[in-house]
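# Descriptive structure summary
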Amino acid sequence: MATYLVCFVLLFSFVNSLKYDPTWDSLDARPLPSWYDDAKLGIFIHWGVFSVPAFSSEWFWWQWKGKPMPAIVDYMQKNYRPDFTYADFAAMFTTEFFVPEEWAEMFQDSGAKYIVLVSKHHEGYTNWPSKYSFNWNSNATGPNRDLVGELAAAVRAKTQMKFGLYHSLFEWFNPRYLDDKESGFKKQDFVRTKTMPELYELVNAYKPEVIWSDGDWEAADAYWNSTNFLAWLYNESPVKDTVVTNDRWGSGCSCKHGGFYTCSDRYNPGKVQKHKWENAMTIDKYSWGYRRNARLEDYLTIEDLLTQFISTVSCGGNMLMNVGPTKYGKISPIYEERLRQMGQWLRVNGDGIYGTKPWVHQNDTVVKNVWYTMKKGATETDVYAILLEWPDNNLVKLGAPITSKDTTVSMLGYPEKVTWTAGAGGKGINIQIPPLSVETMPCEWAWTFKMTGLQN
Ligand SMILES: *[C@@H]1O[C@H](CO)[C@@H](O)[C@H](O)[C@H]1NC(C)=O
Ligand SMILES: *[C@@H]1O[C@H](CO)[C@@H](O)[C@H](O)[C@H]1NC(C)=O
Ligand SMILES: *[C@@H]1O[C@H](CO)[C@@H](O)[C@H](O)[C@H]1NC(C)=O
C-alpha cells in the first residue's frame, strides 16, 4: 500500500511538473487561469522614451528615422539641434512626479482588476534595470529608477489588482536584430542574447501575471523561440499557475495561438468568439503614448468607453484600456477623469459585469444599444440587460427575455421595486421604471436591469 502510494505521488508530481511541451498543441490546451475572465477590465500603460517627444505616437522614432513622416522630420528640424539623436530624449525622461502608489490607487479606483505596463516598447529602452540593455534602461539613463519594480511593488502593497507586463519581441533599430533579419531569420543572435534573457529576467524579477507580447509579426514563432519560453512559463516559472499570456508570439500566431486572443488593436468583433479575447484599446483615439498635441475631442468620452466596454464584455471579451502617462510621471487629468468615471459606473453596475458570461443573446433583438450578460448561481440564473440609452417614457420594451411567473426585475443601484409585464404573445418584457432624474438615478451613462426566473 505504502509503495503504491509513493509511486502514485511520484507519478503525479512527475506529470504535474512536465505538463506542457513546447508545441502549440500542448500550450494551447492549457486552461486560462479563471481570474482573467472574471476581471473584465484592465489598464494598459504606454510609457517610455517616446513619452518625451510625446508627439504623434509611441512610434515616434520610427516615424522620424525608419519611415520618415514629413510632420515629424519637420518638427525635429525646427525644434532640436541638428545633431540631436533619439537617444538624447532618454535624459529628458525625468519621471520626477511619478508616485507609484498614486497610480496604483487611481487604477484600482477605475474598477480595473489588472494592469499591463509597457516594460519595453519597439524602441528597445527598458523601464527596468535590465542586464541585457546596457545604458538603454531606466536606471542608467533618465529616471534613474526601476519603474517596473516600483509600480509592481505599489500595486501589490496597495491594491488587489494583478500586475502584468507588455514586452516587445523586436526592436526597430537593434543592429543584432537587423543582422538576424538580414539572414532571413536563420540567425537567432538577437533572440538568444536579448529577447529571451530579458523575458526570463522580467518574469523572475517581477513575477508578472500577464505577459502581453508584441512586435512579433516580422518573424515566425520558431525564430522567437516562443513555445520554449511559454513551456517554461507554464511549467516552471514563479507564476506558472496564475499567469496569462496573449497571442502575439510570431507571425501568424495572433488570433490563433497563445492565451487570450487580441487579434488586431481595438478588436471588438460584436459577437461571441470561441476563444477568450481582449479588446486592447486607447482612450486617446490616435495614440497609445501620451501626445502633448492631443485635443479634447481626440479622447473617448465616458459614453464611448462604456459602449466599447459593455459590448466587449457581453460578447465574452475583456477590455484593456490604455493611458499614456507624461514623461514627468503624471497621468493627465483627462485620463484620470475617464478612469474614475469607469470606477464610478462599475461601483453601481459591477454586479452585471465582473464574473459574468455571455448570455444566449448578446444585444437585444428589438431595442438598439442594449447588451446582455449572465451569471449562473447554484439555484438561479441572473440575466443582466445593460442599456446605453435611457428609454422613452421610462418604459423599457425588450425583445429577447422570455418571462415566467417567477420572473423578478431590479435595477442595479436603485432600491425601489421595478414593475414589469410580459410582452405581446409572451415574448419580451416591458419594464416600467419609476421616473428618475439625473439627480435620483443610481449612475449616469448606462443602466443595468437584473432579471431572474427567465425561461431563456
Ligand atoms: C542602478 O543605478 C545605480 C546608480 O548608478 C547603481 O548603483 C545600481 O547598481 C543600479 N541598479 C541596478 C539593479 O542595476
Ligand atoms: C530556445 O529555448 C531552448 C529551451 O529553453 C534553449 O535551449 C535554446 O537555447 C533557445 N534558443 C534561443 C535561440 O534562444
Ligand atoms: C444586434 O447586433 C447585430 C450584430 O452586430 C446587429 O446586426 C443588430 O442590428 C443588432 N440589433 C439591434 C436591435 O440593434
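Note: the structure precedes this text.
Residue numbers restart at each chain and count upward from 1, following the sequence in its written direction. Following the order in which they are written, the chains are lettered starting with A and the ligands numbered starting with 1. With the structure being a predicted model, the display of local features is reserved for residues of pLDDT at least 70 and the display and counting of side-chain atom pairs for 80 or more, all residues being used for whole-chain, interface and lining totals. Side-chain measures here rest on the full set of heavy atoms in the structure, leaving out hydrogens and waters.

### Thoughts on the site of ligand 3
Rules: When we say a residue is near a molecule or strand, we mean one of its heavy atoms is within 4 Å of it. Where accessible areas are quoted, they stem from the Shrake-Rupley method and a 1.4 Å probe; at the residue level, only the protein chains shown are allowed to cover. Just so you know the grouping, Ala, Val, Leu, Ile, Met, Phe, Trp, Tyr, Cys and Pro go in nonpolar, Asp, Glu, Lys and Arg go in charged, and all remaining residues, Gly too, go in polar.
Close to ligand 3 lie Asn 363, Asp 364, Val 366, Val 367 and Lys 368. When ligand 3 sits alone it has 360 Å² of accessible area, and the protein chains cover 46% of it. When the residues that make up the shell around ligand 3 are grouped by side-chain class, the tally is two nonpolar, one polar and two charged.

### Re the pairing of strand 12 (residues 419–422)
We apply this condition: Paired strands, in this sense, are two strands between which DSSP finds at least two bridges. Comment: elements are numbered from the N terminus, with helices defined as DSSP H or I runs of at least four residues and strands as E runs of at least two.
Both strand 12 and strand 13 (residues 429–432) contribute to a ladder of four bridges, which runs antiparallel. Pairing of Trp 420 across the sheet is with Ile 431, part of strand 13. The hairpin formed by strand 12 and strand 13 contains six residues between the paired strands, and Gly 425 there has a positive phi angle of roughly 70°.

### A few points about the site of ligand 2
Near ligand 2 you find Gln 188, Arg 192, Asn 225 and Asn 228, and these make up its full shell. Expressed as a share of its isolated accessible area of 360 Å², the protein-covered part of ligand 2 is 53%. Looking at side-chain class alone, the shell around ligand 2 contains no nonpolar, three polar and one charged residues.

### Digging into helix 9 (residues 189–206)
Going by this rule: To estimate the expected span of a helix, count its residues, drop one, and scale the result by 1.5 Å. Think of it this way: the bend at a residue is just the angle between two axes, each fitted to seven residues, one set ending at that residue and the other starting at it. Exposure categories follow from relative accessible area, calculated using a 1.4 Å probe and restricted to protein chains: below 20% of the type maximum is buried, above 50% is exposed, and the middle band is partly exposed.
In this model helix 9 runs 25 Å from its N-terminal to its C-terminal C-alpha over 18 residues, within 8% of the 26 Å that 1.5 Å per residue would give. Maximal helix bending in helix 9 amounts to about 30°, located at Met 196; proline Pro 197 follows within four positions. Listing the buried residues of helix 9 in full gives Phe 190, Val 191, Lys 194, Thr 195, Met 196, Pro 197, Glu 198, Leu 199, Glu 201, Leu 202, Val 203 and Tyr 206. Following helix 9 by one or two positions, Lys 207 has its phi on the positive side, about 45°.

### Describing unusual backbone geometry
Even without a glycine there, the phi angle at Thr 95 is positive, about 55°. Inspection of the secondary structure assignment puts Thr 95 in the loop between helix 5 (70–79) and helix 6 (100–109). Using a relative accessible area of 0% as the deciding quantity, one classes Thr 95 as buried.

### Focus: the nonpolar core
As a reminder, the rule being used: Throughout, nonpolar core names a set of buried Ala, Val, Leu, Ile, Met, Phe, Trp, Tyr and Cys residues whose side chains join them through atoms within 4.5 Å. For the purposes of this description, domain bounds are those given by an automatic or database domain assignment. A contact between two residues is defined here by any heavy atoms of the two lying within 4.5 Å.
If you look at the biggest cluster of nonpolar residues, it comprises 102 residues, and the most contacted ones within it are Ile 45, Phe 107, Leu 233, Phe 309, Met 321 and Trp 345. If one sorts the elements of this core by residue count, helix 9 sits on top with seven residues. Structurally, this core is a two-domain feature, drawing no fewer than three residues from each of domain 1 (19–352) and domain 2 (370–452). If sequence neighbours within four positions are ignored, Ile 45 has contacts with Trp 103, Phe 107, Ile 115, Val 116, Leu 117, Val 118, Leu 151, Asn 322, Val 323 and Pro 325. The next biggest cluster of nonpolar side chains, apart from the first, holds 23 residues, and it includes Tyr 372, Ile 429, Ile 433 and Met 451.

### Brief notes about the side chain of Asn 127
What counts, and what does not: Residues adjacent in sequence count toward polar contacts only when both atoms are side-chain atoms; beyond that, a polar contact is any pair of N or O atoms within 3.5 Å, and within protein one must be able to donate a hydrogen and the other to accept it.
Tracing the backbone shows Asn 127 in the loop between strand 2 (114–120) and helix 7 (147–158). From its side chain, Asn 127 meets the backbone oxygen of Val 118 in a polar contact 2.9 Å long. Those residues within four positions of Asn 127 in sequence are excluded, and the remaining contacts are Trp 47, Gly 48, Phe 93, Val 118, Ser 119, Ser 138, Asp 146, Leu 147 and Val 148.

### Some details on the sheet that holds strand 11 (residues 408–411)
Put simply, the rule is: The angle between two axes is taken between their N-to-C directions and runs from 0 to 180 degrees, where each axis is a line fitted to C-alpha atoms and a helix contributes only its stretch in contact.
One open sheet holds the four strands; their spatial order is 8-9-14-11, and the pairing between them is antiparallel. The outermost strands of the open sheet, each flanked by one partner alone, are strand 8 (370–376) and strand 11. Taking each pair of neighbouring strands and ignoring which way they run, the sheet shows an average axis angle of 20°. The pairing of strand 8 with strand 9 (residues 381–387) spans seven bridges and is classified as antiparallel. Looking at the pairing, Lys 375 lines up with Asp 382 of strand 9. The strands that helix 12 (residues 302–314) touches are strand 8 and strand 9; relative to strand 8, the one it contacts most, it runs at about 45°.

Taken by themselves, the reported measurements are silent on function.
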